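Observations on chain architecture
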Amino acid sequence: MRTWRLSLLAILLAATAACHDSKGAKEAQSAGKPPPKPPAPPSTELVSLAWKPANANQNLQSFELKLTGAEIVSVCKKPPGWIIDASSPAIKGYATVGAGFVGVEHLDDLEGLFLIRTHGQAPGVSGRLLTGVYADDGEQSEVAATPNLLRRQSAAQCPPTKG
């Protein structure tokens, strides 16, 4: 009667050893690989629009952007004659009058527009820009927004406004 108990005990010990050995093999395999990198911590960045006109007559009239992987913290500056509305993760801006269009001579108006907080990854962007040509209302065109449109630099807050 006790013999079958010993046999059962031997089988259980063998099964336990087999499970332990396969776990050890998996641990040995994963020991050769570096552990996965944790996601980068959130950071704040100052964002400029890196749009460049195709020629001296082209201008930027409006933009509608939607960010992924980041949220808009604040609007830091507005080009003269523009209205900018940010409701995270979207930001929209447009010139209120033709004199406010941003052309080649005023690209610095697109510097340091807004502050974002990333979520540990490079932010993505979708949306569009509306461009036009001075002295011709019929030559408006839409440009698709891409991540290359955003020029980012690390910043804790918006820079002080220039007097």
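Described below are features of the structure shown in this document. Everything numeric in this text was worked out from a predicted model, so none of it was measured.

Definitions and limits used
- Residues numbered from 1 in each chain as written.
- Predicted model: local features only at pLDDT ≥ 70, side-chain atom pairs only at ≥ 80, totals over all residues.
- Heavy atoms only, no water.
- Helix = DSSP H or I, 4+ residues; strand = E, 2+ residues; numbered from the N terminus.
- 1 Å grid on protein atoms, 1.4 Å probe; cavity = no way out; pocket = protein on both sides within 12 Å on 5 of 7 lines; lining within 4 Å.
- Points joined across faces, edges and corners; volume = space filled by probe spheres on them.
- Nonpolar A, V, L, I, M, F, W, Y, C, P; charged D, E, K, R; others polar.
- Disulfide = S-S within 2.5 Å.
- Buried < 20%, exposed > 50% of the residue type's maximum accessible area, 1.4 Å probe, protein only.
- Core = buried A, V, L, I, M, F, W, Y, C linked by side-chain atoms within 4.5 Å.
- Contact = heavy atoms within 4.5 Å.
- Pairing = 2+ DSSP bridges.
- Axes fitted to C-alpha atoms, helices over the stretch in contact; angles between N-to-C directions.
- Phe/Tyr/Trp six-rings, centres within 6.5 Å; stacked < 30°, edge-to-face > 60°.

Next up on the list: unusual backbone geometry. Cis geometry marks the peptide bond from S88 to P89, where omega comes out at 10°. Structurally, P89 is set in the loop between β4 (82-87) and β5 (90-95).

Over the atoms rolls a probe the size of a water molecule, and its path tells where empty space is left. Roughly 270 Å³ of volume is contained in the largest pocket. Forming the boundary of the largest pocket are L46, S48, C76, K77, D108, E111, G112, Q153, P159, P160, T161 and K162. Grouping the amino acids of the lining of the largest pocket by side-chain chemistry returns 4 nonpolar, 4 polar and 4 charged.

The subject of this paragraph is the state of the cysteines. Tallied over the entire structure, the rule returns 1 disulfide. Between the sulfur atoms of C76 and its disulfide mate C158 the distance is 1.9 Å. Across the S-S bond of C76 and C158 the torsion is about -70°, and the bridge reads as left-handed. Separated by 82 residues along the polypeptide, C76 in the loop between β3 (70-75) and β4 and C158 in the segment after β9 (150-154) bring together distant segments of the chain. A relative accessible area of 13% places C76 in the buried class. Taking the relative accessible area as the measure of exposure, C158 reaches 22% and is therefore partly exposed.

Here we take up the nonpolar core. Ranked by size, the top nonpolar core spans 24 residues in total, and within it L49, L65 and F114 carry the most contacts. For this core, the secondary-structure elements that each account for two or more residues are β1 (44-49), β2 (58-68), β3, β4, β5, β6 (114-118) and β7 (124-133). It is β2 that contributes the most residues to this core, 4 residues altogether. In this structure L49 touches L60, F63, L65, L110, L113, L149, L150 and R151, once residues within four positions along its chain are discounted.

Attention shifts here to the sheet that holds β3. Reading across the sheet, the 4 strands line up as β3-β6-β1-β9 and stay open at both edges, with antiparallel pairing between neighbours. In this open sheet, the two strands that pair with only one neighbour each are β3 and β9. Across the sheet, the mean angle from the axis of one strand to that of its neighbour is 35°, orientation sign disregarded. Relative to β6, β1 runs antiparallel, the two sharing 4 bridges. For V47, the partnering residue across the bridge sits in β6 and is F114.

Any pair of aromatic rings gets described here by the distance separating the centres and the angle formed by the planes. Counting across every chain of the model gives 1 aromatic pair. Measuring from ring centre to ring centre gives 5.9 Å for F63 and W82, while their planes differ by 25°; the resulting arrangement is stacked. Note that F63 is positioned in strand β2 and W82 in strand β4, a separation of 19 residues in sequence.

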